[in-house]
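Observations on the three-dimensional arrangement
Each chain, letter by letter, is given below.
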Amino acid sequence: MRSHRIESPHDRIEKPKSYVPDIFFCPYCGSSIKENKSFVLEYWNSDQNVFFCWCHSCHWRGEIVRINQIKATEIDE
Amino acid sequence: MLSAEENKKITQVGPGTSMGDVLRHYWYPVAATSELQHEYTKKVRLLGEDLVLFRDLSGNVGLVQERCPHRGVSLAVGFPDEDGIRCAYHGWCFDTKGNCTDQPNEPETSTFKERLKIDSYEVQEMGGLYWGYLGPKPAPLLPRFDGFVAKHAIRMIGHATLPVNWVQVMENSVDPAHTEWLHGHFHNFVKAQRGEDVSNAFIRQHKKIAFDEFEYGIVKRRLFEGQSEDSDDWTVGHPIVFPYILAVGGTGGEGSYAFQMRIPVDDETTWHVWYQAYAVAPNTEIPDSLKDVSLYEVPYLDEKGEYLVDYIDGQDIMCWITQGRIADRTDEKLGTTDRGIILFRQMIKEQINKVQAGEDPIGVIRDPAKNEFIELPLEKKKHHYSDGFAAITNRFQTRFAPNIDDLIAFYENQQRVKM
């Protein structure tokens, strides 16, 4: 017998077939960070998607975060 | 999350792959010395290559390709000669340099054997292990990390072959937060299910975690709830020696060492070696039962095929295996406590670039002056070991060592020394 379950909101999230981060250039030197010698990894900090980046060209290492709401105080990490 | 291409790049170990080329700049254990004490050969698979380690009748030890070039029979079932290993099929003989020294049934005047050479690799012995090097020549020095060369030490070697890629095993070592849950709360749950009560230092909450790059890899540090910032756990920590070793520190505190080595067999298999060295005062007599380097297999499944999750290493193994043979990093959801994992992956990427530029990757040693005794940073008063030597030694895989009771009885009464 086939089982049925209630659809959750997660079911409607379409997962990309092949994940590729949407960061294109090093914010420090402007080199293409898509180039396979650099490194971009996406992780999550509370409600933020954070892109950890390392540029092979200038060796800049940092994180890129989209700011959706300007806050006066920062949440403790 | 990583792209599929990135995940492939950091996890592939074979010859000609980006990370495979990085991994070939390091030495790896290929056997315990005791494994060739009564046997002459051991089949070895390392970095996706099939090899055979052998000892000939003169005591020379070699590491060569597994297959005889004649008809492809395994030299692992060969037999020793005065100067090499003979193939069981037709008796062709190869020395430790890969030279063919005899082809019994070829004409006496034949020069065929002079035109034949098999792949051979350097081997060295250190600390009760044979180590092999598969990379570009000249080979770097075999690193003399403290625990492998500490004098007057009791040594034990546990091992298991695990059906997983080595990177997810290493990532476990740059993820301090898991210890609180897997070895703390989950461990207590398992014990409670059995009606057992246990004191468990691992359950204490992490307040801060930090990672520092150093000459040989990454040092991880942590501050637990209730600890002051001058505690060893926070000021010293312990290292991941890039690419494949965790130096976690022995359960005996100062003078004791423990390495967890994640040796890449191939893309989907890791030979995990747990190496313990307990150095004791030079004037202390080590009992006979502890004099030889003991070698034992670490089980991780019970007779029903269920994971053994009542000890620390078994809990880790369960996690590594259930992640899949190669963890799918295109679908993961990393959080803030995973920054050590991110740093480790970035370090991998950086080393790939270095090797592709013709440089040595991190931690490759070529200066003998730097290689006499490499003391790694290691906290001496470690909160995780505060339940006492016997309790914690029995909670790790060391519980499977055949002489563990002798070690506990002996070690608890000995003066610990710093080598």
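If you're wondering where the values come from, they're calculated on a predicted model, not measured in any experiment.

Digging into the overall build of chain B
The helix and strand tally for chain B stands at 10 helices and 18 strands. Relative to the 2.2 N^0.38 estimate, which gives 22 Å for 419 residues, the radius of gyration of chain B is 22 Å and therefore close to what a compact globule would have. For the C-alpha atoms alone, the extent of chain B along its principal axes is close to 80 × 55 × 50 Å. Once local pairs closer than 6 in sequence are excluded, the contacts in chain B between residues at least 24 apart make up 63%. Summed over all atoms, the accessible surface of chain B reaches about 17200 Å², with 47% contributed by carbon and sulfur.

Here we look at the sheet that holds strand β1 (residues 39–45) of chain A
The strand order across the open sheet built from three strands is β1-β2-β3 (chain A), with neighbouring strands paired in antiparallel fashion. Here the strands that pair on one side only, and so sit at the sheet edges, are β1 and β3 (61–65) of chain A. The mean angle between the axes of side-by-side strands here comes to 25°, regardless of whether they run parallel or antiparallel. Two elements, strand β2 (residues 48–54) of chain A and β3 of chain A, share five bridges in a ladder whose sense is antiparallel. Residue pairing for β3 of chain A: Phe52 of chain A is matched across the bridge by Glu63 of chain A. Along the sheet face, helix α8 (residues 339–356) of chain B touches β1, β2 and β3 of chain A and points at about 175° away from the line of β1 of chain A.

Section: the side chain of Arg55 of chain B
Residue and element names in this part refer to chain B. Structurally, Arg55 can be placed in strand β3 (residues 49–55). Despite its burial, Arg55 remains without a salt bridge, the nearest opposite charge being carried by Asp56 at 7.5 Å. Among the polar contacts listed, one links the side chain of Arg55 to the backbone oxygen of Leu36, at a separation of 2.6 Å. Not counting residues up to four positions away in its chain, the partners in contact with Arg55 are Leu36, Gln37, His38, Glu39, Tyr40, Asn60, Val61 and Pro80.

Here's the deal with the environment of Pro69 of chain B
Residues and elements named next belong to chain B. Examined against the element boundaries, Pro69 turns out to sit in the loop between β4 (61–65) and β5 (79–81). Owing to a relative accessible area of 37%, Pro69 belongs among the partly exposed residues under this scheme. Each C-alpha atom, one on Pro69 and one on Glu108, is 20 Å from the other, the two residues being 39 residues apart in sequence.

Overview of the interface of chain B and chain A
Contacts between the two partners involve 24 residues from chain B and, on the opposite side, 18 residues from chain A. Summed over the three residues of chain B that lose the most area to chain A, namely Met1, Ile342 and Gln346 of chain B, the buried surface amounts to 30% of that side. Linking chain B with chain A are two salt bridges. In this structure, the salt-bridge partner of Glu213 of chain B is Arg61 of chain A, at a minimum N-O distance of 3.0 Å. Listing elements by their share of the side of chain B that touches chain A, those giving two or more residues are α1 (4–11) and α8 of chain B.

Describing the state of the cysteines
Residue and element names in this part refer to chain B. Applying the stated criterion to the full structure yields zero disulfides over all chains. Cys68 takes part in no disulfide bond, and the closest cysteine sulfur, belonging to Cys87, lies 4.0 Å away. Classification of Cys68 by relative accessible area gives buried; the value is 4%. Cys93 carries a free sulfur, and the closest cysteine sulfur to it, the one in Cys100, is 7.6 Å from it.

Comments concerning the nonpolar core
All names here are of chain B. In this structure, Trp166, Met261 and Phe344 are the most contacted members of the largest nonpolar core, which totals 87 residues. If you tally residues by element for this core, the top one is α8, at eight residues. The residues touching Phe344, leaving out its near neighbours within four places in the chain, are Trp166, Val167, Met170, Glu171, Val174, Ile218, Ile240, Phe242 and Pro243. Counting residues in each nonpolar core, the second largest holds 25 residues, with Ile154, Met156, Tyr296 and Leu407 among its members.

Here's the deal with the sheet that holds strand β7 (residues 93–94) of chain B
Taken together, four strands build an open sheet; the order of strands is β5-β6-β7-β8 (chain B) and the sheet is antiparallel. Each edge of the open sheet is held by one strand with a lone partner, namely β5 and β8 (100–102) of chain B.

Digging into the confidence of the model for chain B
Residues and elements named next belong to chain B. In the predicted model, chain B carries a mean pLDDT of 94, and 99% of its residues have values of at least 70. Across residues 415–419, where pLDDT falls below 50, the model places 18 contacts with residues more than four positions away in sequence or in other chains. Across the whole predicted complex the pTM is 0.92, and at the interface the ipTM reaches 0.78.

The rules we used
- Residues numbered from 1 in each chain as written.
- Chains lettered and ligands numbered in written order.
- Predicted model: local features only at pLDDT ≥ 70, side-chain atom pairs only at ≥ 80, totals over all residues.
- Heavy atoms only, no water.
- Helix = DSSP H or I, 4+ residues; strand = E, 2+ residues; numbered from the N terminus.
- Rg over C-alpha atoms; globule rule 2.2 N^0.38 Å.
- Contact = heavy atoms within 4.5 Å.
- Areas by Shrake-Rupley, 256 points an atom, 1.4 Å probe, with all protein chains shown as cover.
- Pairing = 2+ DSSP bridges.
- Axes fitted to C-alpha atoms, helices over the stretch in contact; angles between N-to-C directions.
- Buried < 20%, exposed > 50% of the residue type's maximum accessible area, 1.4 Å probe, protein only.
- Lys, Arg positive; Asp, Glu negative; His and termini not counted.
- Salt bridge = Lys/Arg side-chain N within 4 Å of Asp/Glu carboxyl O.
- Polar contact = N/O pair within 3.5 Å; in protein donor to acceptor, adjacent residues only side chain to side chain.
- Buried area = accessible area lost by both parts, 1.4 Å probe.
- Disulfide = S-S within 2.5 Å.
- Core = buried A, V, L, I, M, F, W, Y, C linked by side-chain atoms within 4.5 Å.
- pLDDT = per-residue confidence, 0-100.

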